[in-house]
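Given next are the chains, with one letter for each unit.
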Amino acid sequence: MLTRRHFIQTTAALFSASISRPLLADTWPTEAEKAAWDAQVTPPGYNPATSNPWGLHPRFLPQRVVAKDGLVAGDIHVDAVARYLYHIEEGGTAIRYGVAIARGKLYEPGVYTIKRKVRWPHWQPTQNMIDRDPELYADIADGMEPGPENALGSRALYLYVGDRDTYLRIHGTPQPRSIGGRASSGCVRMVMAHINDLYANVAIGSTAFLYSAEDSVTPRS
């Protein structure tokens, strides 16, 4: 079983949605629309370490931390207990972000490969989501067009096992106050400004480790 003790060592200096299936749509936003939306979800004078119009606990703001020796640069590790996502860097450090994870048993620990990434994605609830929460999802069963109110937000990283799309995503959210909680139907949520930073540094083929909430161990800080 994967646990947090495998990867993170100590905290260092501050750094200066749900499950979804692909939506086959004919329309995509223009580059101008994407740029306008990026500006809309990015606070004025944005500084990852200090900007916080979302009212997050300060520990959920991006920080650079020291990573355990031997971890692969580019990989992602999600701590289900502390609600952190770590993106491993060259040189023994990682950028740590606050996240929200799935509700209850909808969280799926495991090892995944990022095989697709999309800027301002479409989103469509799965049939399981519709069956489980019809009042919540029935009206949007045909999907949502890209934009700041889309459930996947501004960016999405698509998690696969082999060639199988798991329908799990690491994605932005229009509900930033959910960060730090268990809120989604399977995915890992991030503040849109934060995942915009992460997205630019994640390569296709990177590995994402989602650690068990029950078996994680609190690290030293």
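Rules and cut-offs
- Residues numbered from 1 in each chain as written.
- Predicted model: local features only at pLDDT ≥ 70, side-chain atom pairs only at ≥ 80, totals over all residues.
- Heavy atoms only, no water.
- Helix = DSSP H or I, 4+ residues; strand = E, 2+ residues; numbered from the N terminus.
- Buried < 20%, exposed > 50% of the residue type's maximum accessible area, 1.4 Å probe, protein only.
- Phe/Tyr/Trp six-rings, centres within 6.5 Å; stacked < 30°, edge-to-face > 60°.
- Lys NZ or Arg CZ within 6 Å of the ring centre and 35° of its normal.
- Core = buried A, V, L, I, M, F, W, Y, C linked by side-chain atoms within 4.5 Å.
- Contact = heavy atoms within 4.5 Å.
- Arc of directions from axis to C-beta.
- pLDDT = per-residue confidence, 0-100.
- Pairing = 2+ DSSP bridges.

1. Looking at the environment of L106
Structurally, L106 is set in the loop between strand 6 (101-102) and strand 7 (110-119). The class for L106 is partly exposed, based on a relative accessible area of 21%.

2. Points about the packing of aromatic side chains
Taken as a whole and judged by the stated rule, the model has four aromatic pairs. Both rings, one in F209 and one in Y211, keep their centres 6.3 Å apart while their planes meet at 25°; by these two values the pair is stacked. Summarising the burial analysis for this pair, F209 and Y211 share the class buried. An aromatic cluster of at least three residues, connected via ring pairs, comprises F60, Y84 and Y86. Geometry around Y84 places R96 over its ring, the cationic atom sitting 3.9 Å from the centre.

3. Notes on the nonpolar core
The biggest cluster of nonpolar side chains holds 24 residues, and the ones touching the most others in it are I76, L85, I170 and L198. For this core, the element with the most residues is helix 4 (residues 192-200), which contributes three residues. Excluding residues within four positions of it along the chain, L85 makes contact with I76, H77, V78, I95, R96, Y97, V99, I170, M190 and L198. In this structure, I88, A100, V191 and A193 belong to the second largest nonpolar core, which totals 15 residues.

4. Focus on helix 1 (residues 31-41)
Here helix 1 has its buried residues at K34, W37, D38 and V41. One side of helix 1 holds all its buried residues, which, seen down the axis, span an arc of 105°. Opposite the buried face of helix 1, at more than 90 degrees from it, the exposed residues are A32, A39 and Q40.

5. Describing the environment of P58
Examined against the element boundaries, P58 turns out to sit in the loop between helix 1 and strand 2 (63-67). A relative accessible area of 55% means that P58 is categorised as exposed. Expressed as a C-alpha distance, the spacing of P58 and G98, which sit 40 residues apart in the sequence, is 9.4 Å.

6. Examining the confidence of the model for the protein
When pLDDT is averaged along the protein, the result is 83, and 74% of the positions lie at 70 or above. Within the model, the stretch residues 6-25 combines pLDDT values under 50 with 101 contacts to residues more than four positions away or in other chains. pLDDT under 50 marks residues 217-221. Its contacts with residues more than four places away, or in other chains, come to nine contacts.

7. A short note on the pairing of strand 11 (residues 188-191)
Burial of the side chains of strand 11 extends over both faces: V188 and M190 are buried on one face and R189 and V191 on the other. Judged from the four bridges that link them, strand 9 (residues 164-173) and strand 11 form a sheet pairing that is parallel. Paired with I170 across the bridge in strand 11 is V188.

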